[in-house]
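# Observations on chain architecture
Here is how the chains run, residue by residue.
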Amino acid sequence: MLVKNFVLALFFFKSWCTAAKYTFFSKEESVYWACLDTLNPYIFTNDLGSAYAPNCQPTRNRFLSWLICNFDHQKPEDLDKSLEKIIENCETSVPFYNHTVPELHQLYEKVHSSAIDIDSDPSFDPTKNQTKPVIPPRRKVERFTRAYYSRARSESRTRLYGGAIFIYFAGCMLIGGIVTWSKILCPRIAQRFVGPKINAFRKLFTIPTVSKKHTENMRWKNFIIGLMPTRAQTYILFGYFALNVILSCVDYDIFPDNFYTSSKHQVATQTADLVQYRTGVISTIHTPVVFLLSGRNNLLLYLTGWPYETFLVYHKWTARGMWIHALVHSAAYTWLEIDSLAVVWKMQYWYWGGIATIVGGLMLFQASSYFRVKWYEIFKTIHFLFSALYIAGLWYHLRIFNGLWMEYVYASIGLWCGDHLLRICRLLWFGVVKRADCELFEEDGTIKMTIARPSTWKPFPGAFVYIYVLRPYGFWQSHPFTILFDENDADEKKIHIYIKAKKGLTASLAKSLSKMADKKQSFYVFVEGPYGFEAPLSKYENRLIITGGNGVPTGFSNYSNLTKNLTETSRETVKWIWIIRDCSPLKWFKDDLLEVQDRLGEIDIYITRMNANDTPSSDDNVDLKQEDDLSSSEKKNAAIINQISEDNAADTNSGTSFSVFKELNKINIYFERPDIQALVMSEIQNNSKGSTAILSCGPPKMIDEIRDTVANSLNLSDSRVDYFEEAQVWS
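Computed from a predicted model, the values in this text were never measured in an experiment. (Residues numbered from 1 in each chain as written. Predicted model: local features only at pLDDT ≥ 70, side-chain atom pairs only at ≥ 80, totals over all residues. Heavy atoms only, no water.)

## A closer look at the overall build of the protein
Test applied: Helix and strand assignments come from DSSP, with helices taken as H or I runs of at least 4 residues and strands as E runs of at least 2, each series counted from the N terminus. Throughout, a residue-residue contact means that at least one pair of heavy atoms, one from each residue, lies within 4.5 Å. Note on areas: Shrake-Rupley with a 1.4 Å probe; residue coverage comes only from the protein chains shown.
Per the secondary structure count, the protein includes 24 helices and 20 strands. A separation of at least 24 residues holds for 73% of the contacts in the protein among residues at least 6 apart in sequence. Accessible area of the protein: about 35,300 Å², with a carbon and sulfur share of 58%.

## Some remarks on the confidence of the model for the protein
Formally: The predictor attaches a confidence to each residue, and that confidence, scored 0 to 100, is pLDDT.
Confidence along the protein averages 87 in pLDDT terms, with 89% of residues attaining 70 or more. In this model, residues 1–20 is a region of pLDDT below 50 whose contacts with residues beyond four sequence positions or in other chains number 21 contacts. Confidence over residues 612–630 falls short of pLDDT 50; this stretch has 25 contacts with residues more than four positions distant or in other chains.

## As for the sheet that holds strand β18 (residues 668–670)
Note: strands within a sheet are paired through backbone hydrogen bonds, in either parallel or antiparallel orientation. To keep things clear, this is the line we draw: Only strands joined by at least two bridges in the DSSP assignment are considered to pair. Every axis corresponds to a line fitted to the C-alpha atoms, with the helix fit spanning only the stretch in contact, and the corresponding angles, defined between N-to-C directions, vary from 0 to 180 degrees.
Strand order in the open sheet made by the six strands is β18-β17-β16-β15-β19-β20, with parallel pairing throughout. Strand pairing shows two members of the sheet lacking a second neighbour, β18 and β20 (721–725), which therefore form its edges. Direction aside, neighbouring strands of the sheet carry axes that sit 15 degrees apart on average. In this sheet, strand β16 (residues 573–580) lies alongside strand β15 (residues 542–548) in parallel orientation, the contact comprising seven bridges. Considered in β16, the bridge of asparagine 542 is made with threonine 573.

## Here's the deal with the pairing of β20
Stated precisely, the cut-off is as follows: For the exposure calls, accessible area comes from a 1.4 Å probe over protein chains only, and a residue counts as buried if that area is under 20% of its type's maximum, exposed if over 50%, partly exposed in between. Looking down the strands as they point away from you, a crossover is right-handed if its path from the first strand over the helix to the second goes clockwise.
With five of five residues buried, β20 lies mostly within the body of the structure. Along β20, one buried face is formed by Val721, Tyr723 and Glu725 and the opposite face, lined by Asp722 and Phe724, is buried too. Sheet topology note: the strand β19 (residues 692–697)/β20 ladder contains five bridges and is parallel. From the neighbouring strand, leucine 695 faces β20, where its bridge partner is phenylalanine 724. Handedness of the β-α-β unit built from β19, helix α24 (residues 700–712) and β20 comes out right-handed.

## A closer look at the sheet that holds strand β10 (residues 446–452)
The strand order β12-β11-β14-β9-β10-β13 describes an open sheet built from six strands, whose pairing is antiparallel. Edge positions in the open sheet fall to β12 (479–482) and β13 (494–500), since each of these has one partner strand only. Looking at each pair of strands side by side, their axes are set apart by 40 degrees on average, direction ignored. Relative to strand β14 (residues 520–531), strand β9 (residues 434–441) is paired through six bridges, and the arrangement is antiparallel. Among the inter-strand pairings, cysteine 438 is bridged to a residue of β14, identified as glutamine 521.

## Brief notes about the layout of surface pockets
The line we're drawing: In this analysis, the protein atoms alone were mapped onto a 1 Å grid. Cavities are point sets where a 1.4 Å probe fits without being able to get out; pockets are open sets with protein on both sides within 12 Å along at least five of seven lines; lining residues have an atom within 4 Å of a point. Grid points are joined across faces, edges and corners, and a volume is the space filled by probe spheres set on the points. Ten residue types, Ala, Val, Leu, Ile, Met, Phe, Trp, Tyr, Cys and Pro, are classed as nonpolar, four, Asp, Glu, Lys and Arg, as charged, and the remainder, Gly among them, as polar.
Volume-wise, the second largest pocket comes out at about 1,400 Å³. Looking at the second largest pocket, it is lined by 47 residues, and the ones nearest its centre are Ser294, Lys380, His383, Phe384 and Arg423. Those elements that provide at least two residues to the lining of the second largest pocket are α10 (266–294), α12 (308–336), α14 (348–366), α16 (376–398), α17 (406–430) and β11 (464–469). Split by residue class, the lining of the second largest pocket holds 28 nonpolar, 10 polar and nine charged.

## Concerning the packing of helix α2 (residues 27–39) against helix α3 (residues 61–73)
Put simply, the rule is: Here roughly perpendicular refers to angles of 65 to 115 degrees, roughly parallel to angles under 35, roughly antiparallel to angles over 145, and oblique to all remaining angles. Crossing handedness: left-handed means the near helix sits turned counterclockwise from the far one by under a right angle, and right-handed means the same turn made clockwise.
One way to put it is that α2 packs onto α3 with a least axis distance of 9 Å and a crossing angle of 135 degrees. As far as their axial angle goes, α3 and α2 are oblique. As for the relative orientation of α2 and α3, their crossing is right-handed in sense. Within the contact between the two elements, α2 uses Val31, Tyr32, Cys35, Leu36 and Leu39 and α3 uses Arg62, Ser65, Trp66, Cys69, Asn70 and His73. Looking at the contact of α2 with α3, its residues break down into seven nonpolar, three polar and one charged.

## Let's talk about a positive patch on the surface
Here is the rule we go by: Residues enter patches when their relative accessible area tops 30% and they take part in no salt bridge; the joining distance is 9 Å for like charges and 5 Å for the nonpolar side chains Val, Leu, Ile, Met, Phe, Trp and Tyr. Think of a salt bridge as a Lys or Arg side-chain nitrogen and an Asp or Glu carboxyl oxygen that are within 4 Å of each other. In this charge count, Lys and Arg are treated as positive and Asp and Glu as negative; neither His nor the chain ends contribute. For the purpose of locating charges, the reference atoms are NZ of Lys, CZ of Arg, CG of Asp and CD of Glu.
Judged by side-chain charge, Arg581, Arg609, Arg673 and Lys701 come together as a positively charged surface patch. Relative to the helices and strands, lysine 701 is located in helix α24. The exposure class assigned to lysine 701 is exposed, which follows from its relative accessible area of 61%.

## Remarks on unusual backbone geometry
Glycine aside, residues mostly have negative phi angles, and peptide bonds mostly take the trans form. Between glycine 529 and proline 530 the backbone carries a cis peptide bond, its omega angle lying at 0 degrees. Relative to the elements of secondary structure, proline 530 occurs in strand β14. For aspartate 251, which is not glycine, the phi torsion reads 65 degrees and is therefore positive. Structurally, the position occupied by aspartate 251 is in the loop between α9 (231–249) and α10. A relative accessible area of 24% means that aspartate 251 is categorised as partly exposed. A positive phi angle, near 60 degrees, is found at lysine 519, a position not held by glycine. Tracing the backbone through its elements, the reader meets lysine 519 in the loop between α18 (505–514) and β14.

Here it is as structure tokens:
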């Protein structure tokens, strides 16, 4: 990370240094040039030089008229600065003539009274040669000054407004970082922020989903619409888009008879010209931010403690904002050049700008959730190519401006290269090529992958890695998988990953393993990581972990880590709820459960569906081996366990070994679909005298239900309740 920090610092320093290139007319400079423009149509008999570089001899009438104009229109505090600029111009005149500021003051006093005041002299003829200095029309000078200064002010403030949008984002991230790190560094202080008003704020603004869906894709019939941000993310994004709209529409000085626009549609042309400039600059300023938010090695991940999924949300929406600005810029500029499109389309900056805008639109369309979910690997490859083409288009579009705005392109390329360089470094840290021992459990299509790790590579609860399987099919693909963290593996130095075979690469692995007699096979892999952020559950008195299906590594890793030091006198409580569809996961995870079942915590496993062969018939003789004070539900579960164990002893061909139930005698096993809302509310209420942390990982629908339940149940506890989520939602 030190390398990444250094690289980022260099790019921001480079951007800061290049700010000196951006010079815009001040009010004093605007008057300076307005005077030259106003005097340009007039002809002077003794004129030397040019209209914008007059000869500075004190007898030259154009020079004297220019001097008078500056004295009459500059603010007193700006006058001497303007005179110094005139002197600089005089140093280049031919023949050379040197002035000083006091000399120019004396010269003005000498010639002003004899100059022709055009406004008050009705006999003045602008077509004749002027034999005396003139005082140019005051309103015309003011109009030219306004034209220069209003445009310069709009252009200079465009950079400020573009930066303001991301200062807003930085402020949101700063607040997020303070909230996250306060839970880690000073948890007692953070946990004091509790009460009806604070709970109401968190319930309304920070924790819940918008429409009861966040990690679960929104759908319309069979069409995948996409993922909804959380409510907090929605408010941040609302502020972002509001700022974009407001700062793109305000602070324009548009007036008729502006010399910058010669079209008869003065107001429309000025508006289009100023808007295209502002939106183009803001779009360019967006570029490095969009690249930064997409990086796996994003420094902000560690500063804020936000999950990668959150940054992907902001990456998507800022990319949309960037393209909207680019589209408005392109449309407005096309309207301005509508009469000469055949000519400008041959210019490199023009057609490359058009290519960048078109590619940006195609990239957003191709990046919609429908394509990402259906064909993720194809999406990722095309997205990469489109991104490169977009940057190339931006590069050739901006290169004609003598280096202006190019630092944003350089920063984008640097961030992308830096991120991929650090990916390679992480990969090399784990080892160039490692052997992964894989085993397939055909009952539910789970693959267990075991890989030896180097001693310097330390996993942690919540850590995940990207796996590249070096096979002819899919060697270019990288898939994220959560690591099973177990402190007992410190000497063994291995990582364990449980993979649910679905489509694509994982299905290919399962198919290959299924052909083996023992369902085992080794593959060579690259391992990139670790990534992730450990939830600070250890800072709370009560910890509830809820996982579903193959989210079990998160549950086990955190439960194992939190219970290893618990004693009979410990005030802390740890409860892990694992919800699974059937009994098959118990077969491949039994050994891990046996390691922790004697810990001073509580493990509840809910099996929501039983196979037909697993369920005892109604006339079976069931021997209940439980206490008389058990609830009816517990007696029912005990009866099922005892009966299926006895049935399995007589049937050696049964698919699942139900002796595991007797081995896991310290774990509560329930054969029913849990009421998640009731479970969460009960845990919060029962632990109301101490702070509570709730961590979820599993199917999207389950995670979203837990999130909303926590948000609605904060007032059930007198203490602080915090919600944490581990959801690898990359699409």
